[in-house]
Amino acid sequence: MRFARSLVLLLGFAFLYGPILILAAMSFNASKLVTVWGGFSTKWYVALLDDAAMLNAAKISLSVAALSAAIATLLGLAAAVALARFGGFRTRGLFFGAVHAPLVLPEVVLGLALLSAFVAFGFERGFVTLVIAHATFTMCFTSVVLLAALRGLDPSQEEAAMDLGATPMRAFALVVLPAIAPSLASAFLLAFTLSLDDLVIASFTTGPGATTLPMRIYSQVRLGVTPEVNAISTLLLAFVGIILAISALALNRPARDLA
Amino acid sequence: MIGPRKKLSYGQRAVLAAPYLWIVVFFIAPMALIAKISLSHPAETRPPYEPTFSIDDGLAGVLAKARTLGFDAYRALADDRLYLDSYLTSLLIAGVSTAIMLMIAYPFALTMARAPRRLRSLLIGLAVAPFWTSFLIRVYAWIALLKDEGLINHALMALHIIDAPLSIYATNGAVVIGIVYSYLPFMLLPLYSALERQDPALREAAADLGASPLQVFWRVTLPLSRPGVIAGCLLVFIPAVGEFVIPDLLGGSETLMIGRTLWNDFFANRDWPAASAAAIILLALLIGPLLVAERARLRAEEEPS
C-alpha cells in the first residue's frame, strides 16, 4: 500500500514537472537538436542578450503586468469590500455576476469583446488598451482572493475600532488593511503572473509597438523549437518559481506561528 | 448573508463606483457590443457596423434601424461545415480530455489527501505550482517531446519498443495530451479539497460494518467527493472547449477547434460579424455548464464554511 502510494505520487509529479525540467535542461544544450546532447553551454542565453526585440517585449510585458495588477488589485479590493460589507444593495447580484464572469469565459470571447469595445470607443490600440484589458480579466481573480480574505476576518476588531471612535475609513485602514495584507500581496502576484502569461487577450487588444513577451515567444514557437526560446522560457519559469518560493515562505510563516 | 435591500451611504457608493463603472464599461458593454455586431451584415469588413445607434435618433429611429439587424452571420455559420466541425471537435476533444484528466487526477488527489498531515500542504502546493508558470511555455515544452524526431520517439526507438516514430505531434491526440497536462492543476485542487475534508470515521465505520476496501471507496469515498468531481470537470471542460494555444501549437491542420477557427477567421479574414456570431454561439453552447459552475460557486461563496 505504501509502495503503491509512493508510486502514484512519483508518477504524478514526474508528469507535472518532467516536461518543464527537460525544457530547462535543453536550454543548456550546446547542440541545436533536442535528441543530441552537445555539452553544457550558456550560449543561447548570451544570444538572448542580443535579441533587442525579445528584450523590448519582456520590458513591455513586465510594465503591463505591474500596472494592470496594481489596478486589478485596487478594483478587486473595492469590489470585495462592497460585496462583503455592504449587505444586499440593489443590483448586487448583477455586480457579483459581472465581476466574476471573466473567470469562466473563454479567452477568445473576452478578447474579441474588448477589441470591439476599444474600436467602438475610438481608443488607439497599444500599451494603454493592453493594461485595461489585463486589469479587466485579472480583476475577477483578485476579487475572489480578497473576498475570501475579508470573509475570513473577525468583524469584531473593526467594530471595536469604530466603537472607540474611529471613522469607518480609519478603522478599515488601521485594522482591516494590515490584516489582509498577505492576501493583497497574493492577489497582486496572481494578477501579475496571469498578465505576464497571457497570449490570447493581448493579441486581440494590443496594437503595433506593444508586442508582449508571450506574443513574441509565440511567433517564434510557430517556426519550431529553438534553443533561444528554450532559454527565455527557462528564465521565465525561474522568475515565476522564485516569486512563488518567496511568497510561499512569506505567507506561510504567520500561519505556522498561529498554529 | 444577504440582508434586505438597503440604501448605501455616500462613502459606500464611492467605493462601489470604481469597480462598478469599470465592469460596465469594459465588460458588460463589450459583451453587448459583440452581440450587436453578430447581428450586423457580414459583407462589411470594417467597423463601425451598420446600423450605428445614437441617442439623436429617438425611439422611432432606433426601432427602424433595429429592423435592419439580422441573423445573416448566424445563417452563414450554420451553412459553414468548418464551424460546425469546429464546435463538434471542440466538445469532443474537451470531453475526452476531461475524462482522462479525471482518471489521472483522482488517484493523485486521493493519495495526497491521505498523506501524513504535515506533508499535505507541501504536496498540493507542489501539484498546483505549475499553474502559476506560463501556460504557453508548458504547451511549448511538449513539442520537443512529441515530434517525430522528438524525445519520446527517440527514447522508444532507442529501447527498441518501436521501429518507426509514432506520429503523435500535429494530431488530435497531441491536443488531448496538451490539455490534460496544462489543466491538471485545475482538476487536482477541487478534488483534493473535497477528499481532504472527508471524515476518516465514515470510512472506518463502513469497514467495521464489513465493507471491503473497494466497497468503501465505491459507496463512501466516491459519492462524498461528487461536488469536487463536478467542480473539477467544469473548471477544465469550459476553458478547454474555447482553447486556442494548445490546438494551434500541438494540433495538426485538421484539428479544428472553435477557439482556433474563431481566431483565424478574425485575424486572417477580418470578418467581425462572423467571429462575433461564433463567440456568441460558443457562449450559448457553454451556458449550461457555465450556469452549473456559477451556481456551485455562488453556493460556496454565500455559505462560507
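Quick caveat, the model's predicted, so the values are computed rather than measured.

Conventions we followed
Position numbers for residues count from 1 along each chain, tracking the sequence in the order it is written. Chains carry letters from A onward and ligands carry numbers from 1 onward, assigned in written order. Residues qualify for local features only when their pLDDT is at least 70, as the model is predicted, and side-chain atom pairs are given and counted only at 80 or more; totals for whole chains, interfaces and linings, by contrast, use all residues. Helix and strand definitions here come from DSSP, where helices need a minimum of 4 consecutive H or I residues and strands a minimum of 2 consecutive E residues; each element is numbered from the N-terminal end. Three classes are used. A residue is buried when 20 or more other C-beta atoms lie within 10 Å of its own, exposed when 12 or fewer do, and partly exposed in between, with C-beta atoms placed from the backbone. Residue pairs are scored as contacts if the distance between their C-beta atoms, which are placed from the backbone, is within 7 Å. Confidence scores labelled pLDDT are given residue by residue by the predictor and lie between 0 and 100. When residues are sorted by character, Ala, Val, Leu, Ile, Met, Phe, Trp, Tyr, Cys and Pro go into the nonpolar class, Asp, Glu, Lys and Arg into the charged class, and all the rest, Gly among them, into the polar class. For each domain, the first and last residues come from an automatic or database assignment. Here an axis means a line fitted to C-alpha atoms, over the contact stretch when the element is a helix, while the angle between two N-to-C directions is reported on a 0 to 180 degree scale. In this scheme, roughly parallel covers angles under 35 degrees and roughly antiparallel covers those over 145, while 65 to 115 is roughly perpendicular and the rest are oblique. The crossing is said to be left-handed when, going from far helix to near helix, the turn is anticlockwise and less than a right angle, and right-handed when the turn is clockwise. For a helix, the expected span equals 1.5 Å multiplied by the residue count minus one. In this scheme, the bend at a residue equals the angle between the axes fitted to the seven residues that finish there and the seven that begin there.

Peer 1: How should the overall build of chain A be read in this particular structure?
Peer 2: In terms of regular secondary structure, chain A is built from 12 helices and 0 strands. Ordered by position in the sequence, the α and β elements of chain A form the string α-α-α-α-α-α-α-α-α-α-α-α. Taking the principal axes of the C-alpha coordinates as reference, chain A spans close to 70 × 60 × 35 Å. Every one of the 259 residues in chain A was classed for burial, and the buried ones make up 44%. If you take every contact in chain A between residues at least 6 apart in sequence, the share linking residues at least 24 apart comes to 77%.

Peer 1: Explain the overall build of chain B to me, please; I cannot follow it from the model alone.
Peer 2: Within chain B one finds 14 helices and 0 strands. A burial count over chain B gives 41% of its 305 residues as buried. Here the contacts in chain B between residues at least 6 apart in sequence split such that 74% fall between residues at least 24 apart.

Peer 1: Whenever I open this one, the confidence of the model for chain B confuses me. Can you help?
Peer 2: Should the pLDDT be low somewhere, the predicted coordinates at that spot are not to be read in detail. When pLDDT is averaged across chain B, the result is 81; 85% of the residues are at 70 or more. Interface confidence for the predicted complex, given as ipTM, is 0.85, next to a pTM of 0.84.

Peer 1: Looking at this structure, I do not really get the environment of Pro-19 of chain A. What am I missing?
Peer 2: When you line up the elements, Pro-19 of chain A lands in helix H1 (residues 2-26). Look at Pro-19 of chain A and you get buried, because 23 C-beta atoms sit within 10 Å. Pro-19 of chain A has contacts with Arg-138, Ala-141, Trp-142, Leu-145 and Tyr-181 of chain B, leaving out every residue within four places of it along the chain.

Peer 1: Looking at this structure, I do not really get the interface of chain B and chain A. What am I missing?
Peer 2: It is common to give the size of an interface as the accessible area lost on bringing the parts into contact. At the interface, 72 residues of chain B touch 59 residues of chain A. The dominant element in the side of chain B that touches chain A, judged by the number of residues it contributes, is helix H1 (residues 10-37) of chain B, at 18 residues. Its residues assigned to classes, the side of chain B that touches chain A shows 56 nonpolar, 12 polar and 4 charged.

Peer 1: So what exactly am I meant to see when it comes to the domain arrangement of chain A here?
Peer 2: All names here are of chain A. Taken domain by domain, chain A comprises domain 1 (1-41) and domain 2 (43-258). Centre-to-centre, using C-alpha coordinates, domain 1 lies 30 Å away from domain 2. Listed by partner, the interface residues are 10 residues for domain 1 and 9 residues for domain 2. The residue makeup of the side of domain 1 that touches domain 2, split by class, is 6 nonpolar, 3 polar and 1 charged.

Peer 1: Would you mind going over the packing of helix H3 (residues 52-85) of chain A against helix H9 (residues 181-197) of chain A with me for this structure?
Peer 2: A pair of packed helices is characterised by two quantities: the angle between their axes and the separation of those axes. Residues and elements named next belong to chain A. In contact at an axis separation of 8 Å, H3 and H9 are set at 140 degrees when each is read in the N-to-C sense. Classified by the interaxial angle, the pair formed by H3 and H9 is oblique. The element H3 and its partner H9 pack so that their crossing is right-handed. Residues Ser-61, Val-64, Ala-65, Ala-66, Ser-68, Ala-69, Ala-72, Thr-73 and Gly-76 of H3 lie in contact with H9, whose contacting residues are Leu-184, Ala-187, Phe-188, Ala-191, Phe-192, Ser-195 and Leu-196. The class makeup of the residues in the contact of H3 with H9 is 11 nonpolar, 5 polar and no charged.

Peer 1: Mind showing me how you'd approach the packing of H1 of chain A against helix H6 (residues 135-146) of chain B here?
Peer 2: Remark: H1 of chain A packs on H6 of chain B, axes separated minimally by 9 Å, with the N-to-C direction vectors making an angle of 75 degrees. When the axis of H1 of chain A is compared with that of H6 of chain B, the two are roughly perpendicular. Note on element contacts: H6 of chain B touches H1 of chain A through Arg-138, Ala-141, Trp-142, Ala-144 and Leu-145 of chain B, opposite Pro-19, Ile-20, Ile-22, Leu-23 and Met-26 of chain A. For the contact of H1 of chain A with H6 of chain B, the class distribution of residues is 9 nonpolar, no polar and 1 charged.

Peer 1: Would you take a moment to explain the environment of Tyr-183 of chain B for this structure?
Peer 2: Residues and elements named next belong to chain B. With respect to the helices and strands, Tyr-183 occurs in helix H8 (residues 172-197). Take Tyr-183: there are 25 C-beta atoms within 10 Å of it, and that puts it in the buried class. For Tyr-183 and Pro-130, which are 53 residues apart along the polypeptide, the C-alpha to C-alpha distance reads 9.7 Å. Tyr-183 has contacts with Met-101, Val-236 and Ala-240, leaving out every residue within four places of it along the chain.

Peer 1: What should I look at first to understand H1 of chain B in this one?
Peer 2: The α-helix advances 3.6 residues per turn, and as a result positions three or four apart in sequence lie on the same side. Here H1 of chain B contains 28 residues, and its C-alpha end-to-end distance of 37 Å stays within 8% of the 40 Å for a straight helix at 1.5 Å per residue. The largest bend in H1 of chain B amounts to roughly 35 degrees and is located at Val-24 of chain B.

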